[in-house]
Amino acid sequence: MLLGCIADDFTGASDLANTLAKNGMATVQFVGVPRGRESVTCEAGVVALKTRSIAPAEAVRQSLEALHWLQAQGCSQFLFKYCSTFDSTPEGNIGPVAEALLDALDVKVAVVCPIFPETGRTLYQGHLFVKDRLLSESGMENHPLNPMTDPDIRRWLRRQTRGEVGLVSYDIVRQGAAAIRDALDHEAGADRRLAVVDAVTNDDLRAIGAAIADHGLVTGGSGIAVGLPENFRKAGKLGATSAAFTGLKGPGVVLSGSCSTASRAQLARHLDRHPGFAVEPEAVLSGATTVDQALAFVRDHIDLAPAVHSTADPDRVAAAQQRFGRERVAGAIERFFGALAHQLVRAGVTRLAVGGGETSGAVVTALALDHFAIGPEIDPGVPALASRGSGREIRLALKSGNFGAVDFYDKALRVLERA
Ligand SMILES: Nc1ncnc2c1ncn2[C@@H]1O[C@H](COP(=O)(O)OP(=O)(O)O)[C@@H](O)[C@H]1O
Ligand SMILES: O=C(O)[C@@H](O)C(=O)COP(=O)(O)O
């Protein structure tokens, strides 16, 4: 293994694995830190954690555990993947994890670059844009767990770090790899060990990638991986082949726990043509809605690609959180989706399209899957995934809340089926 990646959620991990695979590295996504399992050969290994919204000290512990495993696989460069909308609270977890990795690897500086041009995430003068809106006006200010209310990434990150945070601005990035390398050395010399680096296009990302070929640690959204495979290619290190993805026939189900603007539109489109079972926080918490009821509904509509969904608009999310507590609601719904996914696979469902990072983490963890082969891209940032769990084959799409076209779910279930 050459490049060792630690992702703070599951949709983010598959987004990164997709980018690395598309750019020519044989890539495998692992579900958590592998422990004494079969060895899997790859050039880039992506360890998917569910650390984005947990206590910072625990996020650091799990991330270091992942790092140590990746080091043991022989990786020479490490990538910490977080969200292209920098999802985090003022207390963490991006800053604490990045600083712990810097210390553990004893490196002098790492880039901070949460961009993904194909989905409209760009960074200019340290400010994060989602298409033509600042991050804090993009809908992310209403996120149920990590409301993003400040688009100034340097300022937001500094609230989470011990050390100062630097900036390599776009005028330098446009000058190319040598200028970027010098600017990063300057930041390191000034003891700013995390440096936010502006980027707008994939060409910028390739220049940054060339500049950081010898950096032990890289941090960013999936875009930061665009330029890294070329470094390994130039060094003559690439050439392995990835495990092939094949589609799988059988029943397909949508599980939507994301409440993002995109997810709400995608779910509404799916429900125009397919049956749906609504999961309300209050009913889950009181026991009025049970996993068995949802399972029975899916069984009754098994050939119609039904959806089970808790997706709600910001007012309803806020009302539920006020009444029951943010973490209590999120935990109850995630456990519901996890338990349901487990039952669905036991009942013979072979294709799952899941909406939401935390939701995907809950589902994949409950399925006790080990690792994924990376298949074709369904929409930017969302690959088809193939795995085997409890002796059963399963195909999955783990959709970031914000990603995908409005007809994502129909398309995803088709791609997961295609041979
Ligand atoms: N109706 C709801 N009310 C409150 N919280 C909800 C509701 N539906 C889902 N959630 C929670 O909101 C969070 C959505 O996060 P996530 O699945 O990561 O989606 P995204 O990818 O959009 O960030 C999850 O923890 C989920 O359990
Ligand atoms: O970088 C991104 O935007 C995604 O890869 C990502 O991390 C998705 O997170 P969720 O929006 O929580 O699914």
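Before any of the text, the structure's been laid out above.
To start, this report covers the structure provided alongside it. Since the model is a prediction, treat every value here as computed from it, not as a measurement. (Residues numbered from 1 in each chain as written. Chains lettered and ligands numbered in written order. Predicted model: local features only at pLDDT ≥ 70, side-chain atom pairs only at ≥ 80, totals over all residues. Heavy atoms only, no water.)

**A short note on unusual backbone geometry**
Right, on to step 1. With an omega of 5°, the peptide bond between Gly92 and Asn93 qualifies as cis.
Right, on to step 2. Mapped onto the elements of the fold, Asn93 is located in the loop between strand S4 (77-81) and helix H3 (94-105).
Right, on to step 3. Even without glycine at this site, Phe86 takes up a positive phi of about 55°.
Right, on to step 4. Looking at the secondary structure, you find Phe86 in the loop between S4 and H3.
Right, on to step 5. Since its relative accessible area comes to 0%, Phe86 is described here as buried.
Right, on to step 6. The phi angle at Ala305 is positive, at roughly 50°, despite the residue not being glycine.
Right, on to step 7. Structurally, Ala305 is set in the loop between helix H11 (291-300) and strand S14 (307-309).
Right, on to step 8. Note on Ala305: relative accessible area 15%, which makes it buried. (Helix = DSSP H or I, 4+ residues; strand = E, 2+ residues; numbered from the N terminus. Buried < 20%, exposed > 50% of the residue type's maximum accessible area, 1.4 Å probe, protein only.)

**Regarding the side chain of Asp15**
Right, on to step 1. For Asp15, the position within the fold is in helix H1 (residues 10-22).
Right, on to step 2. For Asp15, which is buried and forms no salt bridge, the nearest opposite charge comes from Lys81, at a distance of 4.2 Å. (Lys, Arg positive; Asp, Glu negative; His and termini not counted. Salt bridge = Lys/Arg side-chain N within 4 Å of Asp/Glu carboxyl O.)

**Side note on the pattern of salt bridges**
Right, on to step 1. Within the structure shown, the criterion is met by 25 salt bridges.
Right, on to step 2. Where Arg233 meets Glu230, a salt bridge forms, and the shortest distance between an N and an O atom there is 2.6 Å. You can see Arg233 and its partner Glu230 sitting in helix H8 (residues 228-234), 3 residues apart, about one turn around the helix.
Right, on to step 3. A residue is classified by how much of its surface remains accessible, and Arg233, at 37% relative accessible area, is partly exposed.
Right, on to step 4. A cluster of three or more residues bridged by salt bridges with shared partners is formed by Asp8, Asp9, Arg52 and Asp87.

**Here's the deal with the sheet that holds strand S8 (residues 133-134)**
Right, on to step 1. Read from one edge to the other, the open sheet built from 3 strands follows the order S6-S7-S8, with strand pairing classed as antiparallel. Edge positions in the sheet fall to strand S6 (121-124) and S8, since each of these pairs with one other strand and no more.
Right, on to step 2. The pairing of S6 with strand S7 (residues 127-130) spans 4 bridges and is antiparallel. Bridged to Leu123 within S7 is Leu128. (Pairing = 2+ DSSP bridges.)

**Some words on the site of ligand 1**
Right, on to step 1. If you check the shell around ligand 1, you find 20 residues, and the closest are His143, Ser258, Glu334, Glu358 and Thr359.
Right, on to step 2. The backbone of Glu358 places a nitrogen or oxygen atom 2.7 Å from an oxygen atom of ligand 1.
Right, on to step 3. Separating an oxygen atom of ligand 1 from a backbone N or O atom of Gly401 is a distance of 2.9 Å.
Right, on to step 4. Taken by itself ligand 1 offers 570 Å² of open surface, and the protein chains cover 95% of this.
Right, on to step 5. Elements represented by at least two residues in the shell around ligand 1 include exactly helix H13 (326-346) and helix H14 (357-366).
Right, on to step 6. Ranked by residue count, the leading element in the shell around ligand 1 is H13, at 4 residues. (Near = heavy atom within 4 Å. Polar contact = N/O pair within 3.5 Å; in protein donor to acceptor, adjacent residues only side chain to side chain. Areas by Shrake-Rupley, 256 points an atom, 1.4 Å probe, with all protein chains shown as cover.)

**Section: the packing of H13 against H14**
Right, on to step 1. Orientation of H13 relative to H14, taken along the N-to-C sense of each, is 40°, at an axis distance of 8 Å. Judged by the angle between their axes, H13 and H14 are oblique. Viewed along their axes, H13 and H14 form a crossing whose handedness is right-handed. Every residue of H14 that contacts H13 at Glu334, Phe337, Gly338, Ala341 and His342 is listed here: Glu358, Thr359, Ala362, Val363 and Ala366. (Axes fitted to C-alpha atoms, helices over the stretch in contact; angles between N-to-C directions. Parallel < 35°, antiparallel > 145°, perpendicular 65-115°, else oblique. Left-handed = near helix turned anticlockwise from the far one by under 90°. Contact = heavy atoms within 4.5 Å.)

**A word on the pairing of strand S10 (residues 194-197)**
Right, on to step 1. Where burial is concerned, the two faces of S10 agree: the one with Leu194 and Val196 and the one with Ala195 and Val197 are both buried.
Right, on to step 2. Across 3 bridges, the pairing between strand S5 (residues 110-113) and S10 is parallel. Following the sheet pairing, Ala110 is matched in S10 by Leu194.
Right, on to step 3. Where strand S9 (residues 165-168) meets S10, 4 bridges bridge the pair, whose relative direction is parallel. Each bridged residue has a counterpart across the sheet, and for Leu167 the counterpart in S10 is Val196.

**Overview of the nonpolar core**
Right, on to step 1. Residues Phe86, Leu255, Val308 and Leu352 are the most contacted members of the largest nonpolar core, which totals 119 residues.
Right, on to step 2. Broken down by element, this core gets its largest block of residues, 9 residues, from H13.
Right, on to step 3. Each of domain 1 (3-234) and domain 2 (252-418) accounts for three or more of the residues forming this core.
Right, on to step 4. Ignoring anything within four residues of it in the chain, the contact list for Leu255 reads Val308, Phe337, Leu340, Ala341, Leu344, Leu352, Ala353, Val354, Gly355 and Val363.
Right, on to step 5. The next biggest cluster of nonpolar side chains, apart from the first, holds 20 residues, and it includes Phe116, Ala373, Ala412 and Val415. (Core = buried A, V, L, I, M, F, W, Y, C linked by side-chain atoms within 4.5 Å. Domains from an automatic or database assignment.)

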